[in-house]
Amino acid sequence: ANATLAVSLAVSKSAALLNKKSLYKNLGKSFSLPNPLMNVINGGAHADNDLKIQEFMIRPDSANNFMDAVHKCFLVIQNLKILLKSKKMLTNVGDEGGFAPNLGSNEEAIQVVLKAIKLAGYTPGVDMYIAIDAAASEFYNSEENVYHLHQSTGEKLTPAEMVEFWVDWAAKYPILSIEDGLDEDDWVGWKSLTDKIGDKV
């Protein structure tokens, strides 16, 4: 494997020299940067607020290139800041760089993000999508086998109910990515969640 890699690298470097380009520019014909996920609201362990979900992110699917993606996200972030200030909320940031407002619930957070997307002139579910990093292991109680949303709604959800929570959100909101939506060892829940929405999220 190492010999194959060395030969591949040598051929790539030779081709770049032949084309009088740097290695990365020569390889750039077939590679592009991935669409970024921008963290816009923090909760959970990353913020001192009542949100249980750790990160609410945006994904600019209508971007033409990486620079355009960053620009579109920047406009949404600026509109989100204006929106939060208009509600007299602090625009301090959490540990991961997103705003950490004291919103009433996880659902209110997602609705604020969607409003900021619209204020920036984009259409949720067309130009811009939502991505979630729930960090569900942080609010999973293994002794009771429940997901306890004690900082927000106070609900205690069984693994099956937590799966339905995500299924419901994926139907209501333009969510295309859910990271750590269940506890890391909830294998039955992960299989159920993947069966139900794995083809779109």
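Read on for a plain summary of the structure. Because the structure is a prediction, the values reported are computed rather than measured. (Residues numbered from 1 in each chain as written. Predicted model: local features only at pLDDT ≥ 70, side-chain atom pairs only at ≥ 80, totals over all residues. Heavy atoms only, no water.)

### Remarks on the pattern of salt bridges
Working step 1: Tallied over the full model, the rule gives 7 salt bridges.
Working step 2: Residue D61 is joined to R59 by a salt bridge in which the shortest nitrogen-to-oxygen separation is 2.7 Å.
Working step 3: Here D61 falls in the partly exposed class, since its relative accessible area comes to 28%.
Working step 4: On the basis of relative accessible area, R59 is assigned to the partly exposed category, the value being 22%. (Salt bridge = Lys/Arg side-chain N within 4 Å of Asp/Glu carboxyl O. Buried < 20%, exposed > 50% of the residue type's maximum accessible area, 1.4 Å probe, protein only.)

### A few points about a negative patch on the surface
Working step 1: Side chains of E179, D180, E184 and D185 sit close together on the surface and give a patch of like negative charge.
Working step 2: Note on placement: E179 falls in strand β7 (residues 175–179).
Working step 3: Classification of E179 as partly exposed rests on a relative accessible area of 38%. (Patch = residues over 30% accessible without salt bridge, like charges linked within 9 Å, V, L, I, M, F, W, Y side chains within 5 Å. Areas by Shrake-Rupley, 256 points an atom, 1.4 Å probe, with all protein chains shown as cover. Lys, Arg positive; Asp, Glu negative; His and termini not counted. Charge placed at Lys NZ, Arg CZ, Asp CG, Glu CD. Helix = DSSP H or I, 4+ residues; strand = E, 2+ residues; numbered from the N terminus.)

### Considering the packing of helix α3 (residues 66–86) against helix α4 (residues 106–119)
Working step 1: Two numbers describe how α3 lies on α4: the axes approach to 8 Å, and their chain directions differ by 120 degrees. The angle between α3 and α4 places the two elements in the oblique class. The two elements α3 and α4 meet at a crossing, and its hand is right-handed. Contact residues: α3 offers V76, N79, L80, L83 and L84, while α4 offers V112, K115, A116, I117 and L119.
Working step 2: Tallied by class, the residues present in the contact of α3 with α4 amount to 8 nonpolar, 1 polar and 1 charged. (Axes fitted to C-alpha atoms, helices over the stretch in contact; angles between N-to-C directions. Parallel < 35°, antiparallel > 145°, perpendicular 65-115°, else oblique. Left-handed = near helix turned anticlockwise from the far one by under 90°. Contact = heavy atoms within 4.5 Å. Nonpolar A, V, L, I, M, F, W, Y, C, P; charged D, E, K, R; others polar.)

Coordinates in, geometry out; function isn't part of it.
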